[in-house]
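# Structural characterization, general
Spelled out, the chains give:
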Amino acid sequence: VQLQASGGGLVLAGDSLRLSCAASGRTFSRYIMGWFRQAPGKEREFVAAISRAGGSTTYADSVKGRFTIFRDNAKNTAYLQMNSLKLEDTAVYYCAGRMEYVQLSRESGYEYWGQGTLVTVSS
C-alpha cells in the first residue's frame, strides 16, 4: 500500500489542523494506521494509532486530549485531528501502516510510510 500524507501548514498556537493520509489499493482496512512526527533535531516519535475498524485508538501522552486519530475505510483515508496546537507540536508528521496490532508505538513494526507533511506552530 502507498500512503500520501497531506494537510500540514503554518498555524498559530491554539489553532486546529487536520492531517490526512490517503492510501492506494483496496486493502487499506487490513492495516493498523499510525501517525509519527519528527521535530527539528529530534528523533521521530509516536503520536497515535488506530485499529483496522477504528474502534480502538492509542495516543502518546503529549497529545492525549488534544489530538484525535480516526479513519474512513470507505475513503481509504486516515486522519489526525489536532486541536489546541502548541509550539512543541511543530514537526514533520508521517503516517504509517502495519499488519500486527502489537507495540503500536514502535516504528519498527510499521511496514509502509507516507512522505511526511510539515506542521509549523507559531506564537
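Use the structure listed above.
All of these numbers come straight from a predicted model, not from anything done at the bench.

Rules used in this analysis
Residues numbered from 1 in each chain as written. Predicted model: local features only at pLDDT ≥ 70, side-chain atom pairs only at ≥ 80, totals over all residues. Heavy atoms only, no water. Disulfide = S-S within 2.5 Å. Helix = DSSP H or I, 4+ residues; strand = E, 2+ residues; numbered from the N terminus. Buried < 20%, exposed > 50% of the residue type's maximum accessible area, 1.4 Å probe, protein only. Phe/Tyr/Trp six-rings, centres within 6.5 Å; stacked < 30°, edge-to-face > 60°. Lys NZ or Arg CZ within 6 Å of the ring centre and 35° of its normal.

### Looking at the state of the cysteines
Tallying each qualifying case throughout the model produces one disulfide. Each sulfur in the disulfide pair Cys-21 and Cys-95 lies 2.2 Å from the other. In this structure, the disulfide formed by Cys-21 and Cys-95 twists by about 70 degrees around the S-S bond and is classed as right-handed. Here Cys-21 is found in strand S3 (residues 17–23), whereas its partner Cys-95 is found in strand S9 (residues 91–98), with 74 residues between them in sequence. In this pair, the class of Cys-21 matches that of Cys-95, namely buried.

### A closer look at the packing of aromatic side chains
For any pair of aromatic rings, the description rests on two quantities: the centre-to-centre distance and the angle between the ring planes. Tallying each qualifying case throughout the model produces six aromatic pairs. Geometrically, the ring pair formed by Phe-36 and Trp-113 is tilted, given 5.1 Å between the ring centres and 55 degrees between the ring planes. Taken together, the residues Phe-36 in strand S4 (residues 32–38) and Trp-113 in strand S10 (residues 112–113) connect sequence positions 77 residues apart. Exposure remark for Trp-113: the relative accessible area of 26% places this residue in the partly exposed category. Note that Arg-44 overlies the ring of Tyr-94, its terminal NZ or CZ placed 4.8 Å from the centroid. Between the NZ or CZ atom of Arg-98 and the centre of the ring of Tyr-110, over which it lies, the distance is 4.8 Å.

### Observations concerning the side chain of Asn-76
With respect to the helices and strands, Asn-76 occurs in the loop between strand S7 (67–72) and strand S8 (77–82). Residue classification places Asn-76 among the buried residues on the basis of a relative accessible area of 18%.

So, to be careful, I would describe these as geometric facts and stop short of saying anything about function.
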